[in-house]
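# Structural features, examined
The chain contents come next:
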Amino acid sequence: MAGNLFARSLRVTDRLDRIRMLARGKINLSLRVLGRRPDGYHALDSWMQPIDWCDELTIRMSDSPGILLKCDDRGAPTGPENLICRAARALSKGAGRELQVEIELVKRLPMGGGLGGGSADAAATLLGLAALWGIARGDSVLANAAEFVGSDVPFFLGGGAAIIRGRGERVEPHPRPFDGWAALIVPQFGVDTGSVYAAWRASLNRGQGPPYLEPWANVWRDAEDLSLRLTNDLTPAAFEVEPRLGQIHSGVHMLNGARVHMSGSGSTLFALFDDEPTALAWLASVRNVVHAGAGLRVVRVLTTPPISVS
Ligand code: C5P
C-alpha cells in the first residue's frame, strides 16, 4: 500500500515539470502614508484588493542552468532586473534549489500603472516555483523572498482583500471588503514610484493623518458612500511628478457624480460602482472627456486570492 502511494506520488511529481499561473493585478482603494521609516521606506496603511485583469505565466523546468524569461510584450524588460527573475533567484537561494527554468510571460497589465503587475508576476513566480519544488505555501522562505523582491509582493501571496501595513509586508484580511466593480482609466504613461514618494516627502501640506481604519471602514453603505471616504495620500505628489495625470483627473473627477481615485502611486485612476452596467455607462461618458490614448476598462474588484494556477 505504502509502495503504491509512493509510486503514485512519484508519477504526480514527474508530471509536474510545467505550471501555468494567473497573476491578477490590484487596486489600492485607500492609501495612507504614516511617515518615513529608518530604512528609507514609508510606513503605509492601505486597503488593497485584487482585480480580474491578469498576466499569465508558464513556468517550465529546463535543462539549462539559470532562468530564461520570454515575454510577448517587447516593451517589458526580460533581464535580471525583471521582478520575475529577482523572485526566482531569491527563492532559489532561500530554498537552496538550483534554478533551471524557462518562464513565458503574457503581459496584459500595464507597466508603471499602479496596478501591481510586476509584483503579481513576482508572486506568481514564487508560488509556481514553490509548487514545482514541493515547497509549502505557508513556508517562511516564500514570505522572505516576497518581502525582499518588493513592497507589494507580500500582498499577492495572500488571500484576497487586505489591509497592508508596515512597508507592505504586514498583510491582514480586510474586515469588510468591497464586492463590486471599478472603472479604470489607464494613462499611456506610468509614474515612477520612488519619485512620487520623494515628492510626498518634499511637500509641505502632505496628508499625514490617522490610519484609514476608522469606524467608517465597517459601516459604508455602497460604492458611492465608500468612495466619499477613501483617500490616497500620494495623489497630490503624483500629480506634481506627472502634471498630465492631474489634468486627466480634473477632467473626470465628479463626472456624473463619480469620485475618481488613484491606485498606488499612479498612474491608474478609478471609480467604484456597485454593478457592471453603471460602471460601463460611466466609462462611456469618460470616453468623451479623456483622449490621448488612455486605456479604459471595467474590472471586477475581487475578494479571492490574486494568484492561482490556471
Ligand atoms: O519596494 P518597491 O521596490 O516596490 O518600492 C519602490 C520604491 O517605492 C522604493 O524604492 C521606495 O522609493 C518607494 N517605497 C517607499 N515606501 C514603501 C514602498 C515603496 O518609499 N512602503
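Model, not experiment: these values are computed from the prediction. (Residues numbered from 1 in each chain as written. Predicted model: local features only at pLDDT ≥ 70, side-chain atom pairs only at ≥ 80, totals over all residues. Heavy atoms only, no water.)

## As for unusual backbone geometry
Trans peptide bonds make up the majority, and among non-glycine residues the majority have a negative phi. For the bond from Gly-266 to Ser-267, the omega torsion is 15 degrees, close enough to zero to count as cis. Structurally, Ser-267 is set in the loop between β8 (261-262) and β9 (269-273). With a phi close to 70 degrees, Met-254 is a non-glycine residue in the positive phi region. With respect to the helices and strands, the residue Met-254 is situated in the loop between α9 (243-252) and β8. Despite not being glycine, Asn-256 shows a phi value in the positive range, around 50 degrees. (Helix = DSSP H or I, 4+ residues; strand = E, 2+ residues; numbered from the N terminus.)

## Some thoughts on the packing of helix α3 (residues 117-133) against helix α4 (residues 140-149)
Between two packed helices, both the angle of their axes relative to each other and the distance between the axes serve to describe the pair. Running from N to C, α3 and α4 point in directions that differ by 155 degrees, and their axes come no closer than 10 Å. If you check the angle between α3 and α4, you find them roughly antiparallel. Regarding α3 and α4, the two cross each other, and that crossing is right-handed. Touching Ala-122, Leu-126, Leu-127 and Ala-130 of α3 are Leu-142, Ala-145, Ala-146 and Val-149, all from α4. Looking at the contact of α3 with α4 residue by residue, the classes come out as eight nonpolar, no polar and no charged. (Axes fitted to C-alpha atoms, helices over the stretch in contact; angles between N-to-C directions. Parallel < 35°, antiparallel > 145°, perpendicular 65-115°, else oblique. Left-handed = near helix turned anticlockwise from the far one by under 90°. Contact = heavy atoms within 4.5 Å. Nonpolar A, V, L, I, M, F, W, Y, C, P; charged D, E, K, R; others polar.)

## A look at the environment of Val-252
Within the element layout of this structure, Val-252 appears in helix α9. Sequence separation of Val-252 and Trp-282 is 30 residues, and the distance between their C-alpha atoms is 10.0 Å. Residues within four places of Val-252 in sequence aside, it is in contact with Ile-185, Ala-258, Val-260, Trp-282, Val-286, Val-289 and Val-290.

## Overview of the confidence of the model for the protein
In this model, the protein carries a mean pLDDT of 91, and residues with pLDDT of at least 70 account for 91%. Long-range and interchain partners of residues 1-13, a stretch whose pLDDT sits below 50, account for zero contacts in this model, where long-range means more than four residues apart. (pLDDT = per-residue confidence, 0-100.)

## As for the packing of helix α2 (residues 83-95) against α4
Contact pair α2 / α4: the axes reach a minimum separation of 9 Å and the direction vectors enclose 140 degrees. Judged on the interaxial angle alone, α4 and α2 are oblique. The handedness of the crossing between α2 and α4 comes out as right-handed. In this structure, α2 uses Leu-83, Arg-86, Ala-87, Ala-90, Leu-91, Gly-94 and Ala-95 to contact α4, whose residues at the interface are Val-141, Leu-142, Ala-145, Phe-148 and Val-149. Here the residues of the contact of α2 with α4 sort into 10 nonpolar, one polar and one charged.

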